[in-house]
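Single-letter residue listing:
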6 protein chains.
Amino acid sequence: MKRLLITGAAGALGRAMRARVADLAEVVRLSDIADLGTAAPHEEIISCDLGDAAAVDRLVEGCDAILHLGGISVEDKFSKILNANLLGLYNLYEAARAHGQPRILFASSNHTVGFYRQDEPVAADAPMRPDGLYGVSKCFGEALARMYFEKFGQETALVRIGSCTEKPTNHRMLSTWMSYDDFAALIACVFRAPMLGCPVVWGISDNDSRWWDNGHAAYLGWRPRDNAERFRAELEVSPGRPEASSPLAVYQGGMFTRDPIFTEE
Amino acid sequence: MKRLLITGAAGALGRAMRARVADLAEVVRLSDIADLGTAAPHEEIISCDLGDAAAVDRLVEGCDAILHLGGISVEDKFSKILNANLLGLYNLYEAARAHGQPRILFASSNHTVGFYRQDEPVAADAPMRPDGLYGVSKCFGEALARMYFEKFGQETALVRIGSCTEKPTNHRMLSTWMSYDDFAALIACVFRAPMLGCPVVWGISDNDSRWWDNGHAAYLGWRPRDNAERFRAELEVSPGRPEASSPLAVYQGGMFTRDPIFTEE
Amino acid sequence: MKRLLITGAAGALGRAMRARVADLAEVVRLSDIADLGTAAPHEEIISCDLGDAAAVDRLVEGCDAILHLGGISVEDKFSKILNANLLGLYNLYEAARAHGQPRILFASSNHTVGFYRQDEPVAADAPMRPDGLYGVSKCFGEALARMYFEKFGQETALVRIGSCTEKPTNHRMLSTWMSYDDFAALIACVFRAPMLGCPVVWGISDNDSRWWDNGHAAYLGWRPRDNAERFRAELEVSPGRPEASSPLAVYQGGMFTRDPIFTEE
Amino acid sequence: MKRLLITGAAGALGRAMRARVADLAEVVRLSDIADLGTAAPHEEIISCDLGDAAAVDRLVEGCDAILHLGGISVEDKFSKILNANLLGLYNLYEAARAHGQPRILFASSNHTVGFYRQDEPVAADAPMRPDGLYGVSKCFGEALARMYFEKFGQETALVRIGSCTEKPTNHRMLSTWMSYDDFAALIACVFRAPMLGCPVVWGISDNDSRWWDNGHAAYLGWRPRDNAERFRAELEVSPGRPEASSPLAVYQGGMFTRDPIFTEE
Amino acid sequence: MKRLLITGAAGALGRAMRARVADLAEVVRLSDIADLGTAAPHEEIISCDLGDAAAVDRLVEGCDAILHLGGISVEDKFSKILNANLLGLYNLYEAARAHGQPRILFASSNHTVGFYRQDEPVAADAPMRPDGLYGVSKCFGEALARMYFEKFGQETALVRIGSCTEKPTNHRMLSTWMSYDDFAALIACVFRAPMLGCPVVWGISDNDSRWWDNGHAAYLGWRPRDNAERFRAELEVSPGRPEASSPLAVYQGGMFTRDPIFTEE
Amino acid sequence: MKRLLITGAAGALGRAMRARVADLAEVVRLSDIADLGTAAPHEEIISCDLGDAAAVDRLVEGCDAILHLGGISVEDKFSKILNANLLGLYNLYEAARAHGQPRILFASSNHTVGFYRQDEPVAADAPMRPDGLYGVSKCFGEALARMYFEKFGQETALVRIGSCTEKPTNHRMLSTWMSYDDFAALIACVFRAPMLGCPVVWGISDNDSRWWDNGHAAYLGWRPRDNAERFRAELEVSPGRPEASSPLAVYQGGMFTRDPIFTEE
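Position labels on residues start from 1 in each chain and follow its written sequence. Labels are handed out in written order, letters beginning with A for the chains and numbers beginning with 1 for the ligands. Only residues with pLDDT of at least 70 get local features here, since the model is predicted, and only at 80 or more are side-chain atom pairs given and counted; chain-wide, interface and lining totals rely on the full set of residues. As a rule here, side-chain values come from all non-hydrogen atoms in the structure, and water together with hydrogens is ignored.

1. Looking at the interface of chain E and chain C
In this description, contact between two residues means that some pair of their heavy atoms is separated by no more than 4.5 Å. Counting residues at the interface gives 34 residues for chain E, matched by 34 residues for chain C. Buried area counts how much accessible surface, traced with a 1.4 Å probe, disappears from two parts once they are put together, with both parts' losses summed. Here chain E and chain C share an interface that buries about 2,700 Å² over both sides, 74% of which is from carbon and sulfur atoms. Summed over the three residues of chain E that lose the most area to chain C, namely Tyr90, Lys151 and Ile261 of chain E, the buried surface amounts to 22% of that side. Every case where a carboxyl oxygen of Asp or Glu lies within 4 Å of a side-chain nitrogen of Lys or Arg is listed as a salt bridge. Counting across the chain E and chain C interface gives two salt bridges. Across the salt bridge formed by Glu150 of chain E and Arg129 of chain C, the nearest N and O atoms sit 2.6 Å from each other. Put simply, the parts of the chain that give the side of chain E that touches chain C at least two residues each are helix H3 (78–98) and helix H4 (133–152) of chain E. A per-element tally of the side of chain E that touches chain C places H4 of chain E first, with 12 residues. Counting from the N terminus, the helices are DSSP H or I runs at least four residues long and the strands are E runs at least two residues long.

2. Focus on the interface of chain B and chain A
Each partner contributes residues to the interface: chain B has 34 residues there, and chain A has 34 residues. Each partner contributes to the roughly 2,700 Å² buried at the junction of chain B and chain A, and carbon and sulfur atoms together form 74% of this total. Per-residue buried area on chain B facing chain A is highest for Tyr90, Lys151 and Ile261 of chain B; these three make up 22% of the total on that side. There are two salt bridges connecting chain B and chain A. Identification of polar contacts relies on pairs of N or O atoms within 3.5 Å, with a donor-acceptor requirement for protein atoms, meaning one able to donate a hydrogen and the other able to accept it, and with residues adjacent in sequence counted only if both atoms are side-chain atoms. Between chain B and chain A we count eight residue pairs in polar contact (both at pLDDT 80 or more) in total. Residue assignment for the side of chain B that touches chain A shows that the elements contributing at least two residues are helix H3 (78–98) and helix H4 (133–152) of chain B. Top element by residues in the side of chain B that touches chain A is H4 of chain B. It accounts for 12 residues. Basically, the charged four are Asp, Glu, Lys and Arg, the nonpolar ten are Ala, Val, Leu, Ile, Met, Phe, Trp, Tyr, Cys and Pro, and anything else, Gly included, counts as polar. Of the residues belonging to the side of chain B that touches chain A, the class tally is 21 nonpolar, two polar and 11 charged.

3. Description of the packing of aromatic side chains
Pairing of aromatic rings covers Phe, Tyr and Trp, the last counted by its six-membered ring, and requires centre-to-centre distances within 6.5 Å; plane angles under 30 degrees mean stacked, over 60 mean edge-to-face, and any other angle means tilted. Scanning the model with the defined rule gives 57 aromatic pairs over all chains in all. Seen from their ring centres, Phe78 of chain A and Phe140 of chain B are 6.4 Å apart, and the 45° between their planes marks the pair as tilted. Taken together, the residues Phe78 of chain A in helix H3 (residues 78–98) and Phe140 of chain B in helix H4 connect one chain to another. Phe140 of chain B shares its class with Phe78 of chain A; the two are buried. Here's how the labels work: a residue is buried when its accessible area is under 20% of the maximum for its type, exposed when over 50%, partly exposed in between, all with a 1.4 Å probe on protein chains only.

4. A closer look at the pairing of strand S4 (residues 65–68) of chain C
Residue and element names in this part refer to chain C. Of the two faces of S4, the one holding Ala65 and Leu67 and the one holding Ile66 and His68 are both buried throughout. Judged from the four bridges that link them, strand S1 (residues 3–7) and S4 form a sheet pairing that is parallel. Its bridge partner lying in S4, Leu5 is registered against Ile66. When DSSP locates at least two bridges between a pair of strands, those strands are taken to pair. Judged from the four bridges that link them, S4 and strand S5 (residues 103–109) form a sheet pairing that is parallel. Note on S5: the bridge partner recorded for Ile66 is Ile104. Looking down the strands as they point away from you, a crossover is right-handed if its path from the first strand over the helix to the second goes clockwise. This β-α-β element, S4 to helix H3 (residues 78–98) to S5, shows right-handed connectivity.

5. Structural notes on the relation of the copies chain E and chain C
Superposing chain E onto chain C takes a rotation of 180° plus a shift of 0.0 Å along the axis, which leaves an RMSD of 0.0 Å. Taken together, the rotation and translation relating the two chain copies correspond to the operation of a two-fold axis. Measuring from the rotation axis to each C-alpha of chain E, the shortest distance belongs to Phe140 of chain E, at 2.5 Å. In this comparison the copies share one frame, found by least squares on the C-alpha atoms of residues holding pLDDT of at least 70 in both.

6. Brief notes about the arrangement of the chains
Contact between chain A and chain D is absent, and the minimum C-alpha spacing across the pair is 19 Å. A gap remains between chain D and chain E, which never touch, and the nearest two C-alpha atoms on either side lie 14 Å apart.

7. Remarks on the UniProt feature "domain: NAD-dependent epimerase/dehydratase" (unreviewed entry) in chain A
UniProt positions are given in the numbering used here, feature names are shortened, and annotations may be inferred rather than shown by experiment. Look at the UniProt record and you will see "domain: NAD-dependent epimerase/dehydratase" (unreviewed entry) annotated at residues 5–162 of chain A. Taken end to end, residues 5–162 of chain A comprises 37% helix and 20% strand; its first and last C-alpha atoms sit 22 Å apart.

8. Re the relation of the copies chain B and chain A
Superposing chain B onto chain A requires a rotation of 180° together with a translation of 0.0 Å along the rotation axis, leaving an RMSD of 0.0 Å. Both copies share a contact surface, since 100% of the interface residues of chain B are interface residues in chain A too.

9. Some remarks on the pattern of salt bridges
For the structure on display, the rule yields 111 salt bridges over all chains. The residue Asp119 of chain D makes a salt bridge to Arg117 of chain D at a minimum N-O spacing of 3.2 Å. The network of salt bridges with common partners includes Asp206 and Asp208 of chain A together with Arg223 and Arg225 of chain E.

10. Considerations on helix H6 (residues 180–192) of chain B
Residue and element names in this part refer to chain B. A rise of 1.5 Å per residue sets the reference length of H6, with its 13 residues, at 18 Å; its end C-alpha atoms lie 18 Å apart and thus fit the reference within 8%. For H6, a buried count of 10 out of 13 residues is recorded, marking the element as mostly surrounded by other parts of the structure. Among all positions of H6, only Tyr180, Asp182, Phe183, Ala184, Leu186, Ile187, Cys189, Val190, Phe191 and Arg192 are buried. An expected span of 1.5 Å times one less than the residue number is assigned to each helix.

11. Points about the sheet that holds strand S2 (residues 27–32) of chain F
Residues and elements named next belong to chain F. The seven strands lie next to each other as S3-S2-S1-S4-S5-S6-S9, forming an open sheet whose pairing is parallel. Two strands lie at the open edges of the sheet, namely strand S3 (43–47) and strand S9 (200–203), each paired on one side alone. Strand-to-strand, the axes of this sheet are offset by a mean angle of 20°, without reference to chain direction. Helix axes are fitted to C-alpha atoms over the stretch in contact, other axes to C-alpha atoms as well, and angles between N-to-C directions run from 0 to 180 degrees. On top of the sheet, helix H3 (residues 78–98) reaches strand S4 (65–68), strand S5 (103–109) and strand S6 (156–161); it is set at about 165° to S5, its chief contact.

12. Structural notes on the packing of helix H3 (residues 78–98) of chain D against helix H4 (residues 133–152) of chain D
Residues and elements named next belong to chain D. Here H3 crosses H4 at 15°, and the two axes come no closer than 10 Å. Relative to H4, the element H3 is oriented roughly parallel. Handedness of the crossing formed by H3 with H4: right-handed. Of H4, the residues touching H3 (which contributes Phe78, Ile81, Asn85, Leu86, Leu89, Tyr90, Tyr93, Glu94 and Arg97) are Leu133, Tyr134, Ser137, Lys138, Phe140, Gly141, Leu144, Ala145, Tyr148 and Phe152. Residues that form the contact of H3 with H4 fall into these classes: 13 nonpolar, three polar and three charged. Reported orientations rely on four angle classes, namely roughly parallel under 35 degrees, roughly antiparallel over 145, roughly perpendicular from 65 to 115, and oblique for the rest. Crossing handedness is defined as follows: a turn of the near helix away from the far one that is anticlockwise and smaller than a right angle gives a left-handed crossing, while the clockwise case is right-handed.

Have a look at this one:
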């Protein structure tokens, strides 16, 4: 690839991927509204508000792949979600349509299905059950991506990230954790696949404990290598096992199912 | 019921329902941004832009049921859809949450699944395949309604309206048509059901030709009586049968699948 | 048929069927532990406790069809259910095995699936979710019948009766009601079918409101004719519509889901 | 339509349809290897062996619709089935490909699924379980039609005819019977549909007793009107009810499941 | 855990687990009607007939987890199964309800589905097909457990044990075998899970040959490590490969499908 | 086994298996119309045209297992496919029926489902979607085998071979490749299984990238060991990655979906 765009590159996930995906493209274009530090020789840095259509258009121009990590990634006020995750995503897809339809990996979320119980396996094509406004915005995003695929042929991987962090920090993450390395490997698979289509992919490592199965997307050839299980003993000590009735133990979305609607001021 | 709110009451569908649902409540509150004429004795008329949160809050106060027909109902510029169908719907659900969670009938659309072929039956829980920005906004609406149901207990009927018109005007509508009387009967079923939940209901009459089945929602006791078939002979004459390769004959969403993305100016 | 045995013939359902199925066999043998009145010319009356293996053996001898309505039909102490519905059913199937395997219609119950919600359609092969000890005993009965079918070829119709009464008396019964005439017609279908197998059949009339579908058992040729809908207006007046949160409105098993475990004294 | 070709027009089914479909096209071209009598003014008669590629090519030329009833329609020697149903069908599809791909209604058969039991509903997309060489040839035919659809866009209705006769003559036909009028109505639906695709359609009337459901093909708008049930009483007298263990009562394919492989001499 | 109760602790399986689960609780309470030998320092031994409600109540008091291996575990007279597996299980669940609802692992059995063929994969929620009175009693047990879960929140793991033995001793056990170590690991998973619910778990090792898949229960984090395959060569020598038509080769329940009903004397 | 017949033994696949399966039987009978070289001491060589019934009968006599690799294995003229794959297969099954029904492994093909897209997982019981006349002939073969199984008890493994070659030579084969060793191991499993039935088995190695899952056939105990992934880097260099729109990237059948119908001269 010539140029890979990473949006949301200043976030925790963006920073973790910045190094790991460097070899996927000749140039990596990094974007965020937060500070991105200094560009390495193979990097370009562009500050961009996703809600600004013209800026997004310029951002996408010249890229042949997009790792879209940008936008609001937790529950927040609807006005902020509206700008970044609804309007912002529309801007991104319009820009992609204008500039040769570079392939997109869209960071969707397990919070699209957060109200399923943890003892229910969820198929990738099961009805969505979002657990908050953030989750609803990701449902919107998947629907938008699907429409651009069917109508215009735009390919997107809809990666429903579980918990992509340095390591799991509670029992729920024994099931939802995806290691940085496994995510980086998935990114490579998504951009190397001769034909991508518009699949849902569950973003988790090869955890002993799990609710989701990627059998339907095995054509991508992704085999995650890490396993949250090696952290179990440590988590039993701290933070300890949640109560059986805690949202952390009951719902796939965990504590998000308890988040209130944030007040606009 | 004491007071039923009808949004979008000045539209074609709103006007057709205005008379037909008069006996469902003591007072019918009608709302739109367009002119609604003179209020009958049992009616209240309130002009309201759905994008105005405070106005929507006042609109919903005091109602114990909402027939939500408002918003953009065809493909349009994203800015307009954003205001009425995304922000507007959020405003409506927040207002409902603030005022006792009156039951809602949400006018969703077959354009949430418009890219299924006409020879594919579509289950109510099948993955959505919207055919444009309008369809995407209805996917958002269904996701939002579902979230308010799971999180707060807000009940909504997600009625995926086919074509609710005086009579069918092309071959596709032999399958998608819902008569005004059948819709009125459905509205009555939705508001009388002891428990509603948050079901998807296909909004079609008892047409000989059909792609959708409401067996999963038979607990509502709705049995449509009309049948588009009686208009077939007339439609064969005019406008005549579509070509086999026309979107009108191929896709459930018909010509919407061909709509371009509307340009913002 | 030469001789049809009806167990539980003194119960409300037994009495209603006694007249209606008279023409299905030359002789109708009636059994119960309660008084059965005087035998008509084509009738035989035999008092029998289902828990008494020898008595059941004599009861079944000479019959070529069994309408098994006997046993406990509501929530009760486990000791009583154990005797009549567990031991009693075993006795019945052993007697049938000893005497030529007369075809059996087993009065199973919707309480085998009582914990499904009323907005969930339940397939005949869905996992059972009994709502009390009575429901559990019917799960046992279906499993026992199935085993005798697979192991010995004993045919049984597992009729999950909704509410078989003179007329519906609450909103839940708008969905669960089976008229006496429709049940009598089903009995005729079961005993006339050249091959019966061991199907689950939902025992309901052709109600507008329903949760169950008999499409899988259409080979029996049963088309119920009655419809609880004609009683809706009357039920809206009295007893009136249940609260949305009442078990009567939420669960298929209705109030049974609230029954306590009965204490043995 | 300008010209409708009926193959196998001299068979019982062909003769029954010859009159009933006269108004579907300006000219009806009739073909068979047996005598077809005198052509009516709107008819053309052409004798043709389906195994003769050149003859079939001439037969199809100029037709814009084909009702393919020709070929062997019962169990027979493989050499005969090979010629008419395998080679003959290939010839027909090649001829159609050469001449503008006229739409085809292919008379497939319930014997593609004859080994399902009569108490098992069979979905249109369930694996085939043919009951003899004849049934296998129809599986071949459906596969061939499907391939021409996917590869070349050739549309075909795969009508799995149950028993299309004047009236049912045994108990199995209470479930499999399709009246001549209902078949004629189906033919009209198949040729009038703006888009046909390549659906499986179960060829049965609206019988009370049935194993198959056409819900997946409701887009064709076919609603059969007849019901074999009105013949039940008569069939109970003669030929009488089959034994429970008779193939007539056990398998959907009935006695075909017992047919031997016919010996070539 | 403070105190773990093991019923049926004197049986082969109980003895094998007695040592392996010692570290799961501070105290292990062992119960059986057969002799249990001498209690180790961390053990309590209580003789108990499961059919005796008062004794079972005392047995359960003070325990916070129950490994229920007790009851009849092979085909037997119904009177014995009735006492231990029907009445006994009811007694156990009533005692659990009275004493804080300790989590239960219920030793269910593959004989709940014994009449499935060995070439049919069986989903955990597939209809039960028990192969004898023993299997029927396990169907009862699963239904009872499910009811206590839905009605009272009692959690149970329904472990359908294949063949839990030292090593496989015939070809069928190449598919059904669960090693003692794998079972002990499963027990640990069941009691450590923050939320258990009421899942069906197939009790088998990671055998190359298998009919069942535990994907639906992967949230428990159990990964069995043993594999019956390493015994294949040995089994080919002795006892040798079964005939293709032997129940050992045909049915999942193996020879149980041939067991007669045991005679009461 | 006493004698294993390999048809098509002179083809690439036949030659690769000839050595690998030598230890499965005392005698290996090799057949083809092409030259088979010199027979080893444990081998018999018989030249045979599958279209010649008498010759096939003699070929099969005395064999207790058949590895049927014979017939046309690529797209070709229908006359050739008719002789070898339709008539030839019928001859083979008739011969097997006449000679004790030796178990058969039938080399079916992924081209029975070639028109599924590469991003669609295909279940073994999904409707067939052949991609040419060759694929249609394999659909015929599977239907024929199924019929002989149901009617006469003839067991066959329907192995839908992906690409069984020395190593993968293009990107599509990263998903379809089966190594020779894995196929040899599958052959051993098929012939050693106490009960085989008539399963579909996907013939692929344990590739990272895959579209098919053999979970339904895990009772055979086959665990392939090879993985096409180790060839990916090499294939990226040559022949390089296919275009996203190439049949090689889009359809499971790859370039076969583009093959024309071959002309008979």
